[in-house]
Amino acid sequence: MGFLVSCILVMALICQSHSHSGSPQARIKRYQETPWSDPNDCTQPRQPLIMSNPFNFSVDIRMPGVLPTSSDSYYCVAVPVPTSREAYIVDFVPHASMDTAHHMLLYGCRAPYSTKGFWDCGTEQGTCQDEAKIMYAWARNAPPTNLPKDVGFKVGGDTQITYFVLQLHYGDVNSFRDHHRDCSGLTLRMTSKPQPYVAGMYLMMSLDTVIPPGKTVTNADIACTYLSYPMYPFAFRTHTHRLGKVVSGYRIRNGQWMLIGRQSPQLPQAFYPVSNAIDVRYGDTLAARCVFTGEGRTGKTRIGGTSNDEMCNFYIMYYMDNKHAVPYMDCMDHGTSGLFRGIPAEASVPIPVSPDKLVSMVHGSAHRDGEDDSELKQPKRDEEEVPDQGAHLEEKAGWPEVQLQLGQVSGLALDSSENLIIFHRGDHRWGVNSFDSNAIYQQKALGPIQQSTILVVDPVKGSVLKASGRNMFYLPHGITTDKDNNYWVTDVALHQVLKLSRDGKDTLLLTLGEAFVPGSDHGHFCQPTDVAVDPDTGNVYISDGYCNARVLKFSPEGKYLTHWGAGYLDRRRRGPFRIPHSLAFAPDKRELLVADRENGRVQCFMADTGEFVKEIKKDEFGGEVFAVAYAPVHSGLIYVVNGESPYGNFAPLQGFMLNYSTKEILDTFAPETQKFKMPHDIVVAKDGSVFVGDASSDSVLKFVPSEKAEHRSVKKGGIEVQEIEETETFVQANLKPIQKSASQSAEAAVLKLPATVQEEGVLAQHSSTPEEKEKSSSTGASAAQGLSPAVLTTLLLLLPLLLVIAVGAFVRWKKGRMYGDGHEVKLEPSGSSGGILGKLRGKAAGTLNLGNFFATHKGYTRQGFDRLSTEGSDLEKDDEDATDSENEEYSAPPPPGISSQ
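Residues numbered from 1 in each chain as written. Predicted model: local features only at pLDDT ≥ 70, side-chain atom pairs only at ≥ 80, totals over all residues. Heavy atoms only, no water.

**Here's the deal with the overall build of the protein chain**
On a plain count of helices and strands, the protein chain comes out with eight helices and 48 strands. Taking all 901 residues of the protein chain together, the buried fraction comes to 55%. Across the protein chain, contacts joining residues at least 24 apart in sequence account for 70% of those joining residues at least 6 apart. (Helix = DSSP H or I, 4+ residues; strand = E, 2+ residues; numbered from the N terminus. Buried < 20%, exposed > 50% of the residue type's maximum accessible area, 1.4 Å probe, protein only. Contact = heavy atoms within 4.5 Å.)

Encoded structure:
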């Protein structure tokens, strides 16, 4: 019996030993000291590998309680990949604080310089003996990086990545004055399930840029032809040292520059979502520009690895089809001569950084020129700020100066003289009985509108300059002009698009579609909504419409060319247009903007190819976007108006001004004299004036930038007084979006009746009843009667005295503004980091050891380059309350059919 028990125990021990040797845990080397939830707490025991189920597991990689003794120390530790089979990193969770660590990098390779404990990787050793592939970077308390679904970094198997190498850069040794030990690191969340798409890094890096001392602007340009399978960028990161002002990256295809990402390297160097949903294909060109200033330096600044040098890096985080994935690529060429003549102007415009974000780089080492950080001069404010993007828009009181006889205002346009063109429905109205279920117009017997439906209006006074369009239309909708000032209009009852002569004689130049016959082929429309005309080619774009969900493209002669549907950010959830309602053409970007009404978004497409560029969708829109306009100033401004959503997403009715590149809402505006009821179309003039047509109130409203409305005369008691608004008001409005007022928010929360399918079905009149007006009048009268005669007499006697005092104070104040010393307008910095998503990444040694590489090039400083390589979030510690935040989640769902392309 005893012999039997002994045999059982021996067999159990053998099985246990075998299971341990074959488990992933057996491949993880335990450190001498282990961390953990607190990066600086090295007393807690940990499990380097945790299995959550048979497929998913987490790997914890930490510094084994290091104590740096000098500033600018670089320490590395290697950990084996816990499986010899193929696995994927699907998430990175950092455990570090900027109070201790300057930045943190994760590499993958086959042969690290050491596998025992940690080593000083700021020396000749570096990180890996073979090719080091950058996989992750962190700095300045960046939030975790979440990869898109079905995307992961591939390791193990045949990837040549059998080890992870964690590198920590400790910038300032003063962080360790209390002699604590650091256990910073990160957790990798991994899965053994094959992922359809593999993530990778593309590094663009300038090698030989020289920044002359004192020179205001120096550009470093990088460009390469892409020669691999399609890749899909979903995040980008910029990197320079202290002299960098802005870094931008682009894809160039058929001569068209499309922005991948643009950011100030003085902001947290995180991974930001790409600006446009694009792909990069064989034959495309990838280009990047870094803008530097040499002000404050007394000697030349070159590319190098120390804090005295500079760097120009643009990182692209992408995914590719698993079958053709390349985990790392780089570009270090200048590109062909003259290529950068076509770079968008925004690439040379610095992004302003508020003072609380401008932190210096203190590494504990002396600068090459001997200056202290405190003595390093910053560029002048007016040289580093972006141009003013317009003050807060305010309604132009008293416009129009003459009463316009309008019906439902459906469309607005501007001619080459900046005259306003109004398209309205006269005495016809679109109601619930206008169409049957097949979109057939039911009120044909009424005949065409007898009034002039097209009015050319003076934009300053609002007087009618020319009228046309009698007895032609049944239910007008959209209108635009071409370069010859001809009118292109749509009629939803006729289901047609018409081109009319500019002379106002109603000469019909071209007809598209069959009158009163809806359809969905190339020769028919179904309630088409708007038209846009390419000023260069004359090609015509039509949004079609209420029944169809498409945009069609025709030649100037009316020949069908192509059509397309909605673009999609999530390629697995293809959402079609839900009433493409308004179009705008962006000539400087060669893009067509579509207001997708019921989806509450604006979508941008390449006008020449119909390729989807990006989408702009904001919660503030409330679920509906009725119209869009574009102004090619300040790198592009987009104007939209929203509407009441029948789906319960209520928001105040207002107009929005947005930055094209960042999608940031710069301003919101709404009328003061009346409320928007159904803002149906919007146009913007070259002087910044904005016109909005309201289909429910049968009116057109004009909005002007507040500095233009700063001085306005009003009559007070028979005396004309100049009202001067405070300058700070519109400066602040320009820098920060206008907040919704409490009253607007309250109104938006009121439940409204569901809307009908047709737009006029949602119209609701909110005028006061006669009883309410009478009650209001009687209330005011009773209040006046409540005043005693003595009080009234006293007030009447004091009014002239108060008026004289007011005029005197105004004159004195006016003189003080003109001649007073020390008068200044205090600008409040924006302080916006633009929304930080993802993670900071960094160094990319790629297919070469950059330390050894630069050491062979004349003019490059060798010291510290092996350790810094292409990394660095070279921003030092910021204020305690200045942390990164996530404003908006990004995702880059994989496109279909990658492997077949």
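So, next bit.
**Section: the nonpolar core**
Judged by nonpolar contacts, the single largest core of 63 residues is most densely connected at Phe164 and Leu188. The element contributing the most residues to this core is strand S3 (residues 73-80), with six residues. Counting residues in hydrophobic clusters, the runner-up holds 50 residues, among them Tyr318, Met320, Tyr630 and Phe656. (Core = buried A, V, L, I, M, F, W, Y, C linked by side-chain atoms within 4.5 Å.)

**Notes on unusual backbone geometry**
Cis geometry marks the peptide bond from Trp399 to Pro400, where omega comes out at -5°. Unusually for a residue other than glycine, Asp150 sits at a positive phi of about 70°. With respect to the secondary-structure elements, Asp150 resides in the loop between strand S8 (145-146) and strand S9 (151-155). Using a relative accessible area of 22% as the deciding quantity, one classes Asp150 as partly exposed. One non-glycine residue, Asp506, adopts positive backbone phi at about 60°. Position of Asp506 among the secondary structure elements: in the loop between strand S30 (496-500) and strand S31 (508-512).

**Observations concerning the environment of Lys444**
Here Lys444 is to be found in the loop between strand S25 (420-424) and strand S26 (454-457). Through-space distance from the C-alpha of Lys444 to that of Phe516 is 8.8 Å; in sequence the pair is 72 residues apart. Among all residues touching Lys444, those that are not within four sequence positions of it are Tyr474 and Phe516.

**Describing the sheet that holds strand S37 (residues 591-596)**
Taken together, the four strands give an open sheet; going across it, the order is S36-S37-S38-S39, and neighbouring strands pair in antiparallel fashion. Either end of the sheet is taken by a strand with one partner, and the two such strands are strand S36 (580-586) and strand S39 (612-616). Between one strand and the next, the sheet's axes are offset by a mean angle of 20°, whatever the strand orientation. In terms of strand pairing, S37 meets strand S38 (residues 601-606) through six bridges, oriented antiparallel. Bridge pairing in S38 places Ala595 opposite Val602. (Pairing = 2+ DSSP bridges. Axes fitted to C-alpha atoms, helices over the stretch in contact; angles between N-to-C directions.)

**A short note on the pattern of salt bridges**
This model, assessed by the stated rule, comprises 21 salt bridges. A salt bridge links Arg62 to Asp60; the shortest N-O distance between them is 3.2 Å. Note on Arg62: relative accessible area 2%, which makes it buried. A salt bridge links Arg251 to Asp279; the shortest N-O distance between them is 3.3 Å. Of this pair, Arg251 sits in strand S16 (residues 244-253) while Asp279 sits in the loop between strand S18 (272-273) and strand S19 (285-292); the two residues are 28 residues apart in sequence, bridging distant segments of the chain. What you see here is one network of salt bridges that share partners, running through Arg251, Arg253, Asp279, Arg281, Asp284 and Glu611. (Salt bridge = Lys/Arg side-chain N within 4 Å of Asp/Glu carboxyl O.)

**Brief notes about the environment of His180**
In this fold, His180 is placed in the loop between strand S10 (163-170) and strand S11 (185-191). Judged by its relative accessible area of 16%, His180 falls in the buried class. Separated by 2.5 Å, the side chains of His180 and Asp178 make a polar contact. (Polar contact = N/O pair within 3.5 Å; in protein donor to acceptor, adjacent residues only side chain to side chain.)

**Digging into the sheet that holds S31**
Reading across the sheet, the four strands line up as S28-S29-S30-S31 and stay open at both edges, with antiparallel pairing between neighbours. Of all strands in the sheet, those with a lone pairing partner are strand S28 (476-481) and S31, marking the two edges. Going across the sheet, the axis of each strand differs from the next one's by a mean of 20°, ignoring polarity. Bridge analysis of S30 against S31 gives four bridges, and the strand direction is antiparallel. Bridging from a neighbouring strand, Val497 pairs with Leu512 of S31.

**A closer look at the pairing of S25**
The element S25 is extensively covered by neighbouring structure, given that five of its five residues are classed as buried. What you see with S25 is no split at all: Leu420, Ile422 and His424 on one side and Ile421 and Phe423 on the other are buried throughout. Of the pairings in the sheet, the one linking strand S24 (residues 409-414) to S25 comprises five bridges and is antiparallel in character. Bridge pairing links Gly411 to Phe423 in S25. Between the antiparallel neighbours S24 and S25 lie five residues, among them Glu418 with a positive phi of about 65°. One ladder, built from four bridges, connects S25 with S26; its direction is antiparallel.

**A look at the pairing of strand S14 (residues 218-225)**
Buried residues dominate S14, accounting for six of its eight residues. Looking at chain direction, S14 and S19 are connected through eight bridges and run antiparallel. The residue bridging Ala220 from the neighbouring strand is Cys290, located in S19.

**Topic: the packing of aromatic side chains**
Summed over the entire model, instances satisfying the criterion amount to 32 aromatic pairs. Aromatic side chains Tyr75 and Phe118 sit 5.6 Å apart centroid to centroid with 50° between the ring planes, which places their arrangement in the tilted category. Note that Tyr75 is positioned in strand S3 and Phe118 in strand S6 (residues 118-120), a separation of 43 residues in sequence. Taken together, the ring pairs connect Trp430, Phe435, Tyr441, Tyr474, Phe516 and Tyr546 into an aromatic cluster. (Phe/Tyr/Trp six-rings, centres within 6.5 Å; stacked < 30°, edge-to-face > 60°.)

**Remarks on the side chain of Thr209**
Here Thr209 lies in the loop between strand S12 (197-205) and strand S13 (210-211). Judged by its relative accessible area of 10%, Thr209 falls in the buried class. At a separation of 2.5 Å, a polar atom in the side chain of Thr209 contacts the side chain of Ser206. In contact with Thr209, other than residues within four places in its own chain, are Thr218, Ala220, Phe292, Thr301, Arg302 and Ile303.

**Let's talk about the environment of Asp279**
Overall, the relative accessible area of 6% leaves Asp279 in the buried class. Sequence separation of Asp279 and Met231 is 48 residues, and the distance between their C-alpha atoms is 5.8 Å. Not counting chain neighbours up to four residues away, the residues in contact with Asp279 comprise Met231, Tyr232, Pro233, Arg251, Arg253, Asp284 and Glu611. A polar atom in the side chain of Asp279 sits 3.1 Å from the side chain of Arg253. A polar side-chain atom of Asp279 sits 2.6 Å from a polar atom in the side chain of Arg281.

**Let's talk about the side chain of Asp530**
Within the secondary structure, Asp530 is located in strand S32 (residues 528-533). In this structure Asp530 is buried but unpaired, with Arg425 as the nearest side chain of opposite charge at 11 Å. Looking at Asp530, its side chain comes within polar contact range of the main-chain nitrogen of Leu583, at 2.9 Å. Leaving out residues up to four positions away in the same chain, Asp530 has contacts with Gly478, Ile479, Thr490, Tyr541, Ile542, Ser543, His581, Ser582 and Leu583. (Lys, Arg positive; Asp, Glu negative; His and termini not counted.)

**A word on the confidence of the model for the protein chain**
Residues with a pLDDT of 70 or more make up 68% of the protein chain, whose mean pLDDT is 76. Of the regions scoring below 50 in pLDDT, residues 12-37 engages in 56 contacts with residues more than four places distant in sequence or in other chains. This stretch, residues 814-901, has a pLDDT under 50; its non-local contacts, to residues over four places away or in other chains, come to 273 contacts. (pLDDT = per-residue confidence, 0-100.)

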